[in-house]
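What follows is the residue order along each chain.
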Amino acid sequence: MTKQEIEKGIVHLSRNDKRLSTLIKKIGKCNLQPHNDYYISLLGSIIQQQLSLKAADSIYRRFMDYFNQDPKPKKILDAEHTDIRALGLSNSKVKFVKDLSEKIISKEISFRKIQIKSNEEITNELIKVKGIGTWTVHMFLIFTLGRSDVLPTGDLGLKRAIMLIYNLKKLPDEKRIIKISKENNWSPFSSVASWYLWKSLEIK
C-alpha cells in the first residue's frame, strides 16, 4: 500500500462513513508503513501475542538483545529451549519460534514472491507454523505487507473500537463487524478503516 493508495483510502472512507470521517479529521494522516522484514515480523507477532504492550516490548527487546539483533533461524534452532525460556517466553512460544525457524530452513514456508501471492495463499502457508493463526496473519497482511483490504474480525481492540464508535451495547461478533463494514463501504480499504479504529482507542 503506497502513500497514494492510503490517500485514496482516506478519501473513500471519508465519503462513505460519517463516523470514520470524523475520526480521520481528529487523527490525521494514516502512517501505515509496509516493510520486508517478514521473518522478524512473524517472530515479533509470536513473541508478543496475548501480552500487554509493556510486557511484550520488554520481552521482545530481551529476545533481540540475546541474539545480537540478528535472530537468524539457525541461531534460534541452536539455542537451548531453557535459555530462550529465560528471556520471558512461555514454553509454548519457545516451541513456536523454533517451529517457525525450522520451517524457514526446510523451506516448508517461503517468503519468495510473497508480494504477488493472494491473501488466501499467504494465510494457507503461514498457518502451517505452530502458534500462527488467523489474527497473526491479519496483522502480517496489514502491517508488514500493507494489504489494503484486510478486516481483522477477531481482534479485540477493533471490536472495542467498533462498539464505541458505532454505539453498540456489546462487543460485535464477526458477522456484525462484516455487516457494519459493508453498510459503510469500507472495502477496498478495510485495513485503513481498521487502523483509524485502533487509533480511536488512544483518543482521550
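This is a predicted model, so every value here is computed, not measured.

A. Structural context of the overall build of the chain. Helix and strand content of the chain: 12 helices and zero strands. In terms of overall size, the chain behaves like a compact globule, its C-alpha atoms giving a radius of gyration of 18 Å where 204 residues would be expected to give roughly 17 Å. Principal-axis analysis of the C-alpha atoms gives the chain an extent of 55 × 35 × 30 Å. Looking at the chain as a whole, 45% of its 204 residues are labelled buried. Across the chain, the fraction of contacts at a sequence separation of at least 24, relative to all contacts at a separation of at least 6, is 64%. When the accessible area of the chain is evaluated, it comes to approximately 11,700 Å², of which 51% is carbon and sulfur surface. Within the chain, one finds 36 positive and 22 negative side-chain charges whose respective centroids are separated by 6 Å.

B. Structural context of helix H2 (residues 18-27). For H2, every residue scored as buried is listed here: Leu-20, Ser-21, Leu-23 and Ile-24. One side of H2 carries all its buried residues, which in axial view fall inside an arc of 160 degrees. Relative to its buried face, H2 has exposed residues pointing more than 90 degrees away, namely Lys-18, Lys-25 and Lys-26. If you check the start of H2, you find a side-chain oxygen 3.0 Å away from the backbone N of Arg-19, and it comes from Asp-17.

C. Region of the structure containing the pattern of salt bridges. Tallied over the entire structure, the rule returns seven salt bridges. Across the pair Lys-74 and Asp-78 runs a salt bridge, and its minimum N-O distance is 2.7 Å. Remark: Asp-78 and Lys-74 occur in helix H5 (residues 73-78); sequence separation between them is four residues, near one turn of the helix. Across this residue pair, the class does not change: Lys-74 and Asp-78 are exposed. Note that Glu-125 is salt-bridged to Lys-117, the shortest N-O span being 2.9 Å. Overlapping salt bridges, with partners in common, bring together Asp-70, Lys-72 and Lys-75 in one network.

D. Seen up close, the confidence of the model for the chain. Considering every residue of the chain, the mean pLDDT works out to 94; 100% of them sit at 70 or more. When the elements of the chain are averaged for pLDDT, helix H4 (residues 53-66) gives the smallest value, 91, and helix H11 (residues 174-183) the largest, 97.

E. A look at the side chain of Lys-103. Position of Lys-103 among the secondary structure elements: in helix H7 (residues 91-105). On the accessibility criterion, Lys-103 (9% relative accessible area) is buried. Here Lys-103 is in contact with Glu-108, Ile-109, Lys-128 and Val-129, once residues within four sequence places are set aside.

F. Molecular detail of the nonpolar core. In this structure, Phe-63 and Trp-186 are the most contacted members of the largest nonpolar core, which totals 59 residues. In contact with Phe-63, not counting residues within four places along its chain, are Leu-43, Ile-47, Pro-71, Ile-76, Ile-84, Leu-87 and Leu-89.

G. How the structure looks around unusual backbone geometry. The omega torsion across Ser-187 and Pro-188 is 10 degrees, close enough to zero to call that bond cis. In this structure, Lys-113 takes a positive phi of about 60 degrees despite not being glycine. As for its position among the elements, Lys-113 is in the loop between H7 and helix H8 (119-126). In this structure, Asn-167 is a non-glycine residue whose phi angle is positive, near 55 degrees. Locating Asn-167 in the fold gives a position in the loop between helix H10 (156-165) and H11. Under the relative-accessibility criterion, Asn-167 is labelled exposed at 60%.

H. Geometry of helix H1 (residues 3-16). Look at H1: 20 Å from first C-alpha to last across 14 residues, which is about the 20 Å you get at 1.5 Å a residue. Listed as buried for H1 are Ile-6, Gly-9, Ile-10 and Leu-13. Within H1, the buried residues cover an arc of 100 degrees as seen down the axis, which keeps them to one side. Exposed and oriented more than 90 degrees from the buried face of H1 are Gln-4, Lys-8 and Arg-15. Taken together, the buried residues of H1 touch H2 and helix H12 (190-200).

Conventions used here
- For every chain, the first residue of its written sequence is number 1, and the numbers climb from 1 along that sequence.
- The predicted nature of this model means local features are confined to residues of pLDDT at least 70 and side-chain atom pairs, given and counted, to a pLDDT of 80 or more, with totals for whole chains, interfaces and linings taken over all residues.
- Working from all heavy atoms in the structure, the side-chain values ignore hydrogens and water.
- A run of DSSP states H or I qualifies as a helix once it reaches four residues; a run of E qualifies as a strand once it reaches two. Both are numbered from the N-terminal end.
- The globule rule is 2.2 Å times the number of residues to the power 0.38, and the radius of gyration it is compared with is taken over C-alpha atoms.
- Only protein chains enter the area calculation, which uses a 1.4 Å probe; residues under 20% of their type maximum are buried, those over 50% are exposed, and those in between are partly exposed.
- In this description, contact between two residues means that some pair of their heavy atoms is separated by no more than 4.5 Å.
- Computed by Shrake-Rupley with a 1.4 Å probe, the accessible areas treat only the displayed protein chains as cover when residues are assessed.
- Only four residue types enter the charge count: Lys and Arg as positive, Asp and Glu as negative, with His and the chain ends excluded.
- Throughout, a charge is located at the NZ atom of Lys, the CZ atom of Arg, the CG atom of Asp or the CD atom of Glu.
- By definition, the arc is the one covered by directions from the helix axis to the C-beta atoms.
- Polar contacts here mean pairs of N or O atoms no more than 3.5 Å apart (in protein, one a potential hydrogen donor and the other a potential acceptor; neighbouring residues in sequence count only if both atoms are side-chain atoms).
- We define a salt bridge as a contact between a side-chain nitrogen of Lys or Arg and a carboxyl oxygen of Asp or Glu at a distance within 4 Å.
- Each residue carries a pLDDT score, the predictor's confidence in it, ranging from 0 to 100.
- Remark: nonpolar core denotes a set of buried residues (Ala, Val, Leu, Ile, Met, Phe, Trp, Tyr, Cys) joined through side-chain atoms within 4.5 Å.
- Expected span of a helix, by definition, is 1.5 Å for each gap between consecutive residues, and there is one gap fewer than residues.

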